[in-house]
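Residue-level listing of the chains:
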Amino acid sequence: MTSPAVVKCRQSSPVDLARLTTLEETLGQLPAIVTRGVRHRTIYQHTVRTHTHMLDYMREVHTAGGRFRTTETQFDRMTIYDRTAALIADQRDERTDHALLIEHPGITGFRAGVFDHAWDSADPVDFAPYARPSPLTDEKRITVLRLMVDGHTDAAISARLGMSPRTVATYIKKTAEEAGSRSRAQLAYLLARTAHLEPLPRSAPPTAT
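Parameters and conventions
- Residues numbered from 1 in each chain as written.
- Predicted model: local features only at pLDDT ≥ 70, side-chain atom pairs only at ≥ 80, totals over all residues.
- Heavy atoms only, no water.
- Pairing = 2+ DSSP bridges.
- Helix = DSSP H or I, 4+ residues; strand = E, 2+ residues; numbered from the N terminus.
- Core = buried A, V, L, I, M, F, W, Y, C linked by side-chain atoms within 4.5 Å.
- Buried < 20%, exposed > 50% of the residue type's maximum accessible area, 1.4 Å probe, protein only.
- Contact = heavy atoms within 4.5 Å.
- Axes fitted to C-alpha atoms, helices over the stretch in contact; angles between N-to-C directions.
- Left-handed = near helix turned anticlockwise from the far one by under 90°.
- Nonpolar A, V, L, I, M, F, W, Y, C, P; charged D, E, K, R; others polar.

1. A closer look at the pairing of strand β5 (residues 85–89)
And then number 1: Pairing between strand β4 (residues 78–81) and β5: four bridges, direction antiparallel. Note that in β5 the partner of T79 across the bridge is L87.
And then number 2: Between β4 and β5, which pair antiparallel one after the other, the connecting turn spans three residues, and D82 there sits at a positive phi close to 50°.
And then number 3: In terms of strand pairing, β5 meets strand β6 (residues 99–102) through four bridges, oriented antiparallel. Within the sheet, the bridge partner assigned to I88 lies in β6 and is L100.

2. Some words on the nonpolar core
And then number 1: Core analysis: the biggest nonpolar cluster contains 14 residues, and V144, M148, I157 and I172 have the highest contact counts within it.
And then number 2: Within the residue set of this core, elements represented by two or more residues are α4 (137–149), α5 (154–161), α6 (165–179) and α7 (184–192).
And then number 3: Once you skip the residues sitting within four places of it in the chain, I157 turns out to touch V144, L147, M148, H152, V168 and R184.

3. Thoughts on the packing of α5 against α6
And then number 1: Remark: α5 packs on α6, axes separated minimally by 8 Å, with the N-to-C direction vectors making an angle of 115°. Viewed along their axes, α5 and α6 form a crossing whose handedness is right-handed. Contact with α5, carried on its side by D154, I157 and S158, involves P165, V168, A169 and I172 of α6 and no other residues of that element.
And then number 2: Class assignment for the residues of the contact of α5 with α6 results in five nonpolar, one polar and one charged.

Rendered as structure tokens:
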């Protein structure tokens, strides 16, 4: 799948920051693949922007030519090679290392279109020399609160966004203190009645590279 014949590789990859065990193995492979001319683009959750090891990994791949963007929430793990083959998570198995290979052009083309749409709306990760990318803290907080209002538990929000339950609880606690709320239900009611959960304004994303 990673032969020189592959020109473009699109990847959506949810990251469990508490269980990063294959990072070094992946890092050893991906830069070499990118330098062979493969156009590699990956979408992660916003939470990777605050993880030192992930940032080091992303910086090295970026230097080799790969590109990264992040988004509020993450859809299922997916890798698309050109528009001819796709690997998607096998929902029938709880193991994360099981995948389904799809080679039907109609399905792979559809999946590529879904990825491109998500890429266009995601936030680029730019690596200025000796600088860390913006953590997008306000946007993450809004996403946590929006999921809380929708009825998700802290554990469910944590799993969906790839952040620790303690971070989720902290966002909710600070917002409750600011709003003068005495309960989770009251906070959800207050937030639902205001514009606090509206997406933050952003400039138009640059052309995909």
